[in-house]
Amino acid sequence: MGTATETFYSVIRRQGITRRSFHKFCSLTATSLGLGPLAASRIANALETKPRVPVIWMHGLECTCCSESFIRSAHPLVKDAVLSMISLDYDDTIMAAAGHQAEAILDETRAKHKGQYILAVEGNPPLNEGGMFCIDGGKPFVEKLKLMAEDAMAIIAWGACASWGCVQAAKPNPTQATPIDKVITNKPIIKVPGCPPIAEVMTGVVTFITTFGKLPELDRQGRPKMFYSQRIHDKCYRRPHFDAGQFVEEWDDEAARKGYCLYKMGCKGPTTYNACSTVRWNGGVSFPIQSGHGCIGCSEDGFWDKGSFYDRLTTIKQFGIEKNADQIGMAAAGAVGAAVAAHAAVTAVKRLASKREDVDHNS
């Protein structure tokens, strides 16, 4: 894999990749991250000059679906991310070393790259009974997590497990499975939720940090805005059917065959922030709604405890272009009228108060 002090460019050149292909890679990367036209040259310069970022990837309570998703990234290809873009020094799922050899890598990384490595965490630590429900290398996982977090530059919380707790933390949560940010409170943490997250979202976050040497802009919950700033509902190709009041009423009915909105079948797209409807899955081929099943809201906090995946959301206000446009127009007119009346009333009160102050002053 080379060393962490090598640059991405030097590694791929040694692999026989041409400079033309390198610049094409930078352009595609800038596009996949939604960056401006000048970003490709900045990415190229960074990958030519900056050393590769050391990454430690640890696993707590989880099912490895995040790793399964990550290795299926179409752009950048995971072989580019793992073998060239970063220095993946430790990942007990895909690394060759095991036992004491693997544990030695953790100590070596802390010593050689203090404050410079990224700690990527898949899964979460159980805190009940001293963390004994998850033992890693003979120690409770929570102990190893805290130890490696001490000298990390930043932490990436992969998936719903690390970000929110997921099914392990669902009620009654007997192991006291706990999200990463509730255990590590003194380090910047990037949450990349989903069960699992989209592959290109995962590699996109790694690419951004590697390229710009900083964390992407995060929302108030710690998620990268470039991928989690919009609801799936906002860019869903079935959204026009929602607005038109055209819904699937039961599985495999005529509306389902026509591709109508799945809101009444329990789709959580209106309340779920993720890039599924834009980036999609399997190299941009599809996503659950496109395959005929509603979104289950797997990137949202506590989605396991929010009822059945097929329970209809009851707080979503539907527009209904074809059914009640006139009613909405009348309601809007009524709202404007009420606002005008309220404004007039407030103005009258202010004038009355002003007159009283003048009278008091003159007297």
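This text follows the structure it describes.
Each chain has its residues counted from 1, following the order in which its sequence is written. Totals for whole chains, interfaces and linings use all residues, but because this is a predicted model, local features are given only for residues with pLDDT of at least 70 and pairs of side-chain atoms are given and counted only at 80 or more. With hydrogens and water set aside, each side-chain value is computed from the structure's full complement of heavy atoms.

**Here's the deal with the nonpolar core**
Inference 1: Among buried residues, those of type Ala, Val, Leu, Ile, Met, Phe, Trp, Tyr and Cys that are joined through side-chain atoms within 4.5 Å constitute a nonpolar core. Burial classification: accessible surface area is computed with a 1.4 Å probe over protein chains only, and a residue below 20% of its type maximum counts as buried, one above 50% as exposed, and the rest as partly exposed. In this structure, Ile 156, Trp 158, Val 192 and Ile 289 are the most contacted members of the largest nonpolar core, which totals 37 residues.
Inference 2: Per the convention used, a helix needs a DSSP run of H or I reaching at least four residues, while a strand needs a run of E reaching at least two, with both numbered from the N terminus. Every element with two or more residues in this core is listed here: strand S1 (53-59), helix H4 (65-70), strand S2 (86-91), strand S3 (117-122), strand S6 (152-158), strand S7 (189-192), helix H10 (199-212) and helix H11 (225-228).
Inference 3: It is H10 that contributes the most residues to this core, 5 residues altogether.
Inference 4: The contact criterion used is simple: two residues touch if any of their non-hydrogen atoms lie within 4.5 Å. The contacts of Ile 156, once residues within four sequence positions are left out, are Ile 118, Leu 119, Ala 120, Val 121, Ile 190, Val 192, Val 205 and Ile 209.
Inference 5: Counting 26 residues, the second-largest nonpolar core is a separate cluster that includes Ile 56, Leu 61, Phe 141 and Ala 177.

**Thoughts on the sheet that holds S6**
Inference 1: Here we have 5 strands laid out as an open sheet, ordered S2-S1-S3-S6-S7, and parallel in their pairing. The sheet is open, and its two borders are formed by S2 and S7, each paired with just one other strand. Geometrically, the sheet is characterised by an average inter-axis angle of 20° between neighbouring strands, direction not taken into account.
Inference 2: Note on pairing: DSSP must find at least two bridges between two strands before they are called paired. Examined bridge by bridge, S6 and S7 share 4 bridges and lie parallel to one another. Counterpart to Ile 156 in the pairing with S7 is Ile 190. Note on definitions: angles span 0 to 180 degrees between N-to-C directions of axes, and those axes are lines fitted to C-alpha atoms, for helices only across the stretch in contact.

**Quick look at the environment of Met 58**
Inference 1: Within the element layout of this structure, Met 58 appears in strand S1.
Inference 2: Relative accessible area serves as the criterion here: at 1%, Met 58 is assigned to the buried category.
Inference 3: Separated by 83 residues in sequence, Met 58 and Phe 141 have C-alpha atoms that sit 9.1 Å apart.
Inference 4: Among residues more than four places away in sequence, those in contact with Met 58 are Tyr 90, Leu 119, Ala 120, Val 121, Glu 122, Phe 141, Lys 144, Leu 145 and Met 148.

**Examining helix H6 (residues 99-112)**
Inference 1: The length a helix should cover is 1.5 Å for every residue beyond the first. An ideal rise of 1.5 Å per residue puts 20 Å on 14 residues; H6 measures up with 21 Å between its terminal C-alpha atoms.
Inference 2: For H6, the full list of buried residues reads Ala 102, Ile 105, Leu 106, Thr 109 and Arg 110. With its buried residues spanning 125° around the axis, H6 presents them on a single face. Of the residues in H6, the exposed ones pointing more than 90 degrees away from the buried face are His 100, Gln 101, Ala 111 and Lys 112.
Inference 3: Buried residues along H6 sit against S1, S2, S3 and helix H7 (141-150). Directions drawn from the helix axis to the C-beta atoms are what define this arc.

**Some points on the side chain of Asp 151**
Inference 1: By the secondary structure assignment, Asp 151 is in the loop between H7 and S6.
Inference 2: A relative accessible area of 11% means that Asp 151 is categorised as buried.
Inference 3: One polar contact links Asp 151 to Arg 110, side chain to side chain, over a distance of 3.0 Å.
Inference 4: Those residues in contact with Asp 151 that lie beyond four places of it in its chain are Arg 110, His 113, Lys 114, Gly 115, Gln 116 and Tyr 117. Whenever two N or O atoms come within 3.5 Å, that pair is a polar contact, provided that in protein one can donate a hydrogen and the other can accept it, and provided that, for residues adjacent in sequence, both atoms are side-chain atoms.

**Brief notes about the pattern of salt bridges**
Inference 1: Put simply, a salt bridge is a Lys or Arg side-chain nitrogen that is within 4 Å of an Asp or Glu carboxyl oxygen. Going through the model one piece at a time under the given rule, you end up with 16 salt bridges.
Inference 2: Taking the shortest distance from any N to any O, the salt bridge between Lys 112 and Glu 108 comes out at 3.6 Å. Residue Lys 112 and its partner Glu 108 are both found in helix H6; the two are separated by 4 residues, about one turn of the helix.
Inference 3: For Glu 108, a relative accessible area of 43% puts it in the partly exposed group.
Inference 4: Between Asp 181 and Lys 191 there is a salt bridge whose closest N-O contact spans 2.9 Å. Here Asp 181, found in helix H9 (residues 180-183), pairs with Lys 191, found in strand S7; they are 10 residues apart in sequence, far enough to count as distant.

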